[in-house]
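Remarks on the overall topology
Okay, here's what each chain looks like letter by letter:
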Amino acid sequence: MNPVSSNPDVLAEALTLIGVPACVCDSAGRVLAANAELAALLETDPREQPLSAFIAPHVRAEASAAVKAACGGDLSVPRNYADICLQAESGRHIHAGMALKPLPAGMTPAGVTVVFHELSEVPHEQRALGKALAEQKAILDNAPVGVLFTKDEIMLSCNPRLAEMFGYRREQITGRPAVEVFPSPEVYAEFGREAGPVLGQGRAFEKNEFQFRKHDGSLFWCRVRASTVDQEHNEGGTIWILEDVTRSRQNQMEVEALMTNASICILYTRNRLITRYNRGFSEMFGYEGKEGLGLPGRALYPSDDAYARLGVLASPLLSVGRPFQTEVEMRRKDGNTFWAQLIAYVVNPEDPTQGTIWIIEDRAEHKRAEESLRNALLENQAILDSAVLGISVCENGRNLRCNAKMEELFGYAPGEMNNMSVQAFYPDLDEWAKARRDTGRDFAAGHVSSAEYQLVRKDGSRFWARLSGRPFDPTQPRGRSVWLVDDVTARREAAETVRRARDELEVRVLERTAELAGANAMLQAEIVERRQAEARVHHMAYHDSLTGLPNRALLADRLDRAMLAAQRSSRRLAVMFIDLDRFKTINDSLGHMTGDQLLKEVANRLCASVRASDTVARLGGDEFVVLVPGLGEVGESNRVAEKIIEALAAPFPLEGRMLHISPSIGICIYPDDGQDVATLMRNADSAMYHAKAAGRNNYQFFTQKMNLAAAHHFELESSLRSALALQQFELHFQPIMDIRTRHLHAMEVLLRWRRPGHGLVGPDQFIPIMEENGLIVPVGEWVIRRACEQNMEWLRQGLQPVPLAINLSPRQFMHRGLVASIRRILEETGIDPALIEFEITETAVMQHGEQTLEILGQINAMGIRLSIDDFGTGYSSLAYLKRFPVRKIKIDRAFIKDLEESTEDRAIVAAIIALSDSLQLSVVAEGVETEAQFGLLQRQGCQHAQGYLFSRPVPCAEAQHLLQGRAE
């Protein structure tokens, strides 16, 4: 685009056409050109002098700043000043209005046109002209149509509506070739061939519909009107008026809505009667044609009081010629009311009785937009508060505000981090200074600053975090910035573990290479190492990984032995079920690390409170069991329980805090309260809950009154005996996903009981009962048959079934007719055995070694795959595990639940995966609920995963949708 020179002579000639005092100033406020009207008004020629010299001192600074800002295109500065004071050469002050308009884009040097409206001495015709110019400018800036000025095929300026229509900012339009707003250069050329001859003859060009292209590439339709500025020579450029008619092409209703929202209402009143109005008034208030002429102003307001209040507010200003602006409720012709913004000023400030101009804008949409904005801000705040990353806004080295995750990462209470120095989050000044240097360098280069640093929590503990930050305004790298903080401690620990493992592997390779000559010694060392590994796995299988206490499996073994000894000695033994009161509060408020340390201290005190011959075991969470054998009388257990309560009463000093914990203890006595492990544990658990109900921090002995649940148990058992015949059972399916591809690999079959009057009953409520009374055998056979039939039904529907994993209960597994019933079902349904998998719990597999091996061999010979369920919770023998024909191991959800926080669980899972790899077994992780757990399992080499992260157990119809999605 070629710049247009703003020659003073040309500008002066243009100013002569205005007819009111006017001048053109450059960016420094110096007058380049002025017309005779201004020279007469100022009593001197102002050219080559600063305009500020002719403005009264009390308004000089404000007016000069406005001129410079308008010259620079600053839209935030007002362009019209109703009250300015000029100072003539004689010193006389002249009351005037001032309007500013920047010179068209492309003119050099840049400048601004200044038009003065003398309010005290100019002729009535010039005041009317000034008023009309002001009205035209207001209409142009608020017009519902786009107005564009072009010259030499370049777009030089436009009104806000045109920029909005094309999806640009106003400043983006300036200087662009006109061809950019057309669908293609060919369309642009065709348009020029049509419009050029018309405009060249000095006639107005109109086209009802034409398609243009927006900034984002989308097309829309406009009505086009154009005329040349210089109709004789056609050298002054072209004014284009574009009206968006896209929606009118869709339906008339949308057009009306658009016109209503885009129009501005202007009306004139005199003696409180409406004398003139524009179409915007008709559309806004519902008056057709000239129907509203002569109406009293009161007709536009909902009540006399509202009209009177407006008069009280407006009259003092309008009577002295000052503009008035407010928001008020108005009434349409149909009686409906709406909120509007009123702007009013008198036609003649010297004679307010000549009438008033009112500009009315419908504010209903603005108010709704404000409400939507407030709602959006609240929604954004909710999103920030629930974000999984810490988010912080910083300025001048201080944290202005942050989200809840940020406060959680650093251990601060809500709002406590606001306005804190960011330096407090770093370990020392050197780290803080390094971070500032790195950030300053990245921001200055216009890059996002991203790095990992060690940060400090409120309690002094340190953690590694990845910080990613960017300035709000890239041009102000030292200004306000936003930061994302992600705790990467676990990832770094995992990377460090991998590095150490790699280093250890390299050392081992070197050692083995150097020891080739001593192959026999190396073999012996491997045997020792294998035995140690087996010993470690054995210890892990029978002991709690956190406290080192016996786990449930070892406790059951010792309880069995203690019952045999009690029978021989005719003495009693006590089982004490201990639950820590309100431990969850400490764990949630102070964190898992503090909770784990507290559990270790509790374990130490429990061990110190009992005899060496007693057993202290941890079942998981905050549940402990103390086995006290060799009791002569029941009262001896009272003293043990009191010692435990006394031992735990003393505070626990941890991390600078004094923590208090108390136990609720349930006691049952063998043989009085039970004859087997399950009964004793169940009754002790019932007594413990009774102790909690009795106020906590006490012990209670089991009584038969606590066993009221037996009646419920009997009722369930009675209903279960007829459930199969009444077809009350149904199958649900939970997908097992391939971790590498995240595609469906298999589905586990889960039994559900839809009990009439009770809804869907979970398996944990009725499976144990069926195990006890033997119903599990026929129901289990029904589950196998129904699963095979369902898979064949899916196959007939053209779907591609996946293997179905069916659980075999311990009692069902040891039933004599199991193998025969499986073979019969395969023959009757015709299913491919490869589409069936059986899952047997680790405990069931290990109970009867050789017999188990025989049954598994027969099932495997049919072509059915076998897997061990809940691996890690029982007591697997590596010798048997190598001999069993199993293909898959399922890691129990207990080791997955705390995988993100517990290094012990990660170590156990890694050991199980390594063991499975060495035995060429695939691994399924149960209970995967988070992406973080999924990522850890993926990095450790686990092949398959199952859990709520992918899907809950679903009915048959929804399982079919999963298969259909797999086929697609």
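As recorded in an unreviewed UniProt entry, the chain goes by Diguanylate cyclase (GGDEF)-like protein/PAS domain S-box-containing protein and comes from Pseudoduganella violacea.

**Quick look at the packing of aromatic side chains**
Remark: the centre distance and the inter-plane angle together describe each pair of aromatic rings, the angle taken between the planes. Scanning the model with the defined rule gives 29 aromatic pairs in all. When the centroid spacing of 5.3 Å and the interplanar angle of 40° are considered together, the rings of Tyr301 and Tyr307 count as tilted. Judged by its relative accessible area of 19%, Tyr307 is buried. Judged by centre distance (5.6 Å) and plane angle (55°), the rings of Tyr426 and Trp432 are tilted. Here the two residues Tyr426 and Trp432 agree in accessibility, since each one is buried.

**Structural notes on unusual backbone geometry**
Between Tyr670 and Pro671 the backbone carries a cis peptide bond, its omega angle lying at 10°. Here Pro671 is to be found in the loop between strand 29 (662-670) and helix 21 (677-693). Positive phi, normally seen in glycine, also occurs at Gln727, with a value near 55°. Along the chain, Gln727 falls in the loop between helix 22 (709-723) and strand 31 (729-738). Gln727 gets classed as exposed once you look at its relative accessible area, which sits at 71%. Positioned with a positive phi, Arg742 is a non-glycine residue whose angle comes to about 60°. As for its position among the elements, Arg742 is in the loop between strand 31 and strand 32 (744-755). By relative accessible area, Arg742 is classed as partly exposed at 36%.

**Some details on the confidence of the model for the chain**
In this model, the chain carries a mean pLDDT of 84, and residues with pLDDT of at least 70 account for 90%. Across the chain, the element-wise mean pLDDT spans from 43 in helix 9 (residues 252-262) up to 95 in strand 39 (residues 944-945). Under a pLDDT of 50 for its full length, residues 253-262 has, in the predicted model, 12 contacts with residues more than four places off or in other chains.

**Points about the pairing of strand 25 (residues 615-620)**
Burial of strand 25 is extensive: 5 of the 6 residues sit out of reach of the surface. Alignment of strand 25 against strand 26 (residues 623-631), held across 5 bridges, turns out to be antiparallel. Paired with Val616 across the bridge in strand 26 is Val626. The turn linking strand 25 back onto strand 26 is made up of 2 residues, and Gly621 within it adopts a positive phi angle of 60°.

**What about helix 26 (residues 818-829)?**
Look at helix 26: 17 Å from first C-alpha to last across 12 residues, which is about the 16 Å you get at 1.5 Å a residue. Along helix 26, the positions that sit buried rather than exposed are Leu818, Val819, Ser821, Ile822, Ile825, Leu826 and Thr829. Burial along helix 26 is one-sided: seen end-on, the buried residues are contained in an arc of 165°. Directly beyond the C-terminal end of helix 26, a positive phi value near 75° is found at Gly830.

Cut-off values and rules
- Residues numbered from 1 in each chain as written.
- Predicted model: local features only at pLDDT ≥ 70, side-chain atom pairs only at ≥ 80, totals over all residues.
- Heavy atoms only, no water.
- Phe/Tyr/Trp six-rings, centres within 6.5 Å; stacked < 30°, edge-to-face > 60°.
- Buried < 20%, exposed > 50% of the residue type's maximum accessible area, 1.4 Å probe, protein only.
- Helix = DSSP H or I, 4+ residues; strand = E, 2+ residues; numbered from the N terminus.
- pLDDT = per-residue confidence, 0-100.
- Contact = heavy atoms within 4.5 Å.
- Pairing = 2+ DSSP bridges.
- Expected span 1.5 Å × (residues − 1).
- Arc of directions from axis to C-beta.

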